[in-house]
Every structure is written in C-alpha cells, then in structure tokens.
Amino acid sequence: MSVAVVLVAAGNGERLGLGLPKALVQIDGKTILEHSLEAVSSFQPNQLVVVAHEDRVPEFQELVQNSYAGKFSVVPGGSSRQGSVANGLQLVDSALVLVHDAARCFTPAEVFHAVQAGLETSPCVIPALAVTDTIKRVSGDQVLGTEDRDQLRAAQTPQGFHTNLLKAAIAQSTEVFTDEAALMQSAGHSVSFVTGSPLSKKITTIADLGERTTNQRTGIG
Ligand code: C5P
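Residues numbered from 1 in each chain as written. Predicted model: local features only at pLDDT ≥ 70, side-chain atom pairs only at ≥ 80, totals over all residues.

1. So, the packing of helix 1 (residues 32-43) against helix 2 (residues 57-67)
To keep it simple, the criterion reads: A fitted line through C-alpha atoms serves as each axis, taken over the contacting stretch for helices, and the angle formed by two N-to-C directions is quoted from 0 to 180°. Comment: elements are numbered from the N terminus, with helices defined as DSSP H or I runs of at least four residues and strands as E runs of at least two. Small angles under 35 degrees read as roughly parallel and large ones over 145 as roughly antiparallel, with 65 to 115 read as roughly perpendicular and the rest as oblique. Helix crossings are classified by the rotation of the near helix relative to the far one: an anticlockwise turn of less than a right angle makes the crossing left-handed, while a clockwise turn makes it right-handed. This entry defines residue contacts through backbone-placed C-beta atoms, with two residues in contact when those atoms are within 7 Å. Basically, the charged four are Asp, Glu, Lys and Arg, the nonpolar ten are Ala, Val, Leu, Ile, Met, Phe, Trp, Tyr, Cys and Pro, and anything else, Gly included, counts as polar.
Their axes nearest at 10 Å, the elements helix 1 and helix 2 cross at an angle of 40°. In terms of orientation, helix 1 and helix 2 fall into the oblique class. Helix 1 and helix 2 meet at a crossing whose hand is right-handed. Side by side, helix 1 and helix 2 meet where Leu33, Glu34 and Leu37 of the first sit next to Phe60, Leu63, Val64 and Ser67 of the second. A per-class count over the contact of helix 1 with helix 2 returns five nonpolar, one polar and one charged.

This is the structure in structure tokens:
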C-alpha cells in the first residue's frame with residue numbers, strides 16, 4: 001500500500017525561546033527541519049507533505065527543496081497541532097499516512113518502517129517507550145498516588161494510520177487532542193504500539209539540546 005508522511009513543523013517554538021519557529025532553529029549547523037528530513041529521506045515514502053509555519057512558507061519550501069530528493073508539498077499550518085495535521089492531510093492521497101513531529105528530528109528510519117509494518121494488522125500504530133521515572137498523580141501541591149509504571153508508555157511519533165479512517169476521525173472531531181492516536185481512540189478505533197526509540201526525544205526546551213550547538217550558542221541565523 002502507498003504511504004505518505006505528514007511532517008508537522010508549524011510550531012512557534014515558544015518554549016525554546018530563540019525567537020524563531022522551532023523547525024528553523026539550527027542544531028549543530030542544520031535546521032531541525034533538515035534533520036527531520038534525513039530519516040524521511042531514508043524511509044522513502046510515496047508522498048511527503050510538510051506543514052510549515054504559516055508566516056514562513058517560502059523559507060520552508062526552499063529548505064525542503066534543497067534537502068529532500070523525493071516528491072513533496074508544503075502547506076501552511078494551523079493554530080493547533082491537530083489543525084496543522086488536518087491541513088497536511090488534505091493533500092494526502094496515499095492509503096497509509098505517518099504523522100511525524102519535526103521536533104523529533106533524530107528519529108531513526110527503522111521506527112518509520114516498524115510503524116508502517118504494524119499498519120498491516122491495525123488501523124492505528126504508534127511508537128512508544130517504557131517509562132523510567134516513577135509517575136505521580138497530583139492535585140494542586142498534593143500527591144494523590146503512584147501510577148503502575150509497567151502499564152505506562154510514553155507516546156512518540158511517527159504515528160501511523162489508514163488515511164481514510166484518520167480523515168474521517170478528524171472531520172467528525174469536536175475536541176482538540178494532543179496526538180492523533182487519542183483522536184482515533186475517541187472515534188472508537190483500536191490503537192497498537194511498537195517499540196519507539198530513545199533518539200526520538202522531542203526537542204521542546206533548550207535543556208533537550210544537551211551539548212549540541214544552536215543558533216543562540218553559535219550566533220548563526
Ligand atoms: O508543541 P509541540 O512541541 O508539542 O509540537 C509538536 C509538533 O507539532 C512540532 O513538530 C510542531 O512543529 C508541530 N506543531 C504544528 N502546528 C502547531 C503546533 C505544533 O505543526 N500549531
């Protein structure tokens with residue numbers, strides 16, 4: 001079955017605090033967008049849709065053009081992640097779609113392949129990792145209890161779907177979810193998972209960059 005990747009890259013990057021859209025922040029001399037395109041390039045989907053920050057579409061277009069050899073489209077994002085996914089999905093005509101956060105820019109291509117393989121038997125597949133911290137349920141400043149860690153997983157991307165089911169679930173949804181797997185579950189679909197990767201950590205704050213250099217530290221951009 002044909003497979004598309006929708007790469008959502010329209011976030012503001014407010015929590016990074018570098019004053020530019022997160023996907024345009026440079027890490028070790030390359031933008032987050034360019035890093036995220038490396039795994040997509042080795043995965044080789046039939047179709048790629050990049051969802052760009054709405055104020056910077058030409059810049060995104062140029063970056064993708066210069067770093068991605070396959071067929072691609074660039075569309076402007078929405079005000080929520082879900083809105084951005086909906087914008088990207090409008091252009092998808094492949095049977096399967098993998099929705100990936102550009103902010104998880106070091107995800108290995110193997111994870112894309114594992115998610116795609118899972119879609120042979122499931123309508124929705126996500127990569128997920130075991131939780132290593134002890135997780136507390138809280139209210140205000142009170143700890144109410146401790147979750148059973150063995151039953152918890154941290155969800156990552158790319159999240160894979162049968163395109164027609166995801167399009168229908170988004171069209172019918174009245175709520176905004178933080179990921180499309182939650183949206184699919186609310187629409188009554190089962191969701192399965194494959195093992196994710198520690199390399200898929202989402203870049204959210206400066207601390208997530210570790211020892212890597214950024215625009216801020218190098219003065220680039
Ligand atoms: O904000 P957060 O880090 O959870 O965003 C996850 C991914 O969704 C990022 O790659 C970001 O660029 C994207 N996003 C988007 N449109 C938005 C908000 C986030 O494409 N309105």
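2. Notes on the site of the ligand
The criterion, for reference: By definition, a residue lies near a molecule or strand provided its backbone-derived C-beta atom is within 6 Å of it.
Val8, Ala10, Gly11, Ser84 and Ala103 are the nearest of the 18 residues found near the ligand. For the shell around the ligand, the class distribution of residues is seven nonpolar, seven polar and four charged.

3. Concerning the confidence of the model for the chain
In plain terms, the rule: Scored between 0 and 100, pLDDT is the confidence that the predictor attaches to each residue.
Residue-level pLDDT values for the chain average 93, and 97% of them are 70 or greater. Counting contacts from residues 217-221, a segment whose pLDDT is below 50, to residues more than four positions away or on other chains yields six contacts. If you check the scores for this complex, the pTM reads 0.94 and the ipTM reads 0.96.

4. Observations regarding the packing of helix 1 against helix 4 (residues 109-118)
For any two helices packed against each other, one specifies the crossing angle of their axes together with the interaxial distance. Contact pair helix 1 / helix 4: the axes reach a minimum separation of 8 Å and the direction vectors enclose 55°. Put simply, helix 1 runs oblique to helix 4. Here helix 1 runs over helix 4; the crossing is right-handed. Taking contact as the criterion, the partners of Ala39, Ser42 and Phe43 in helix 1 are, on helix 4, Ala109, Phe112 and His113. Among the residues making up the contact of helix 1 with helix 4, the classes are represented as four nonpolar, two polar and no charged.

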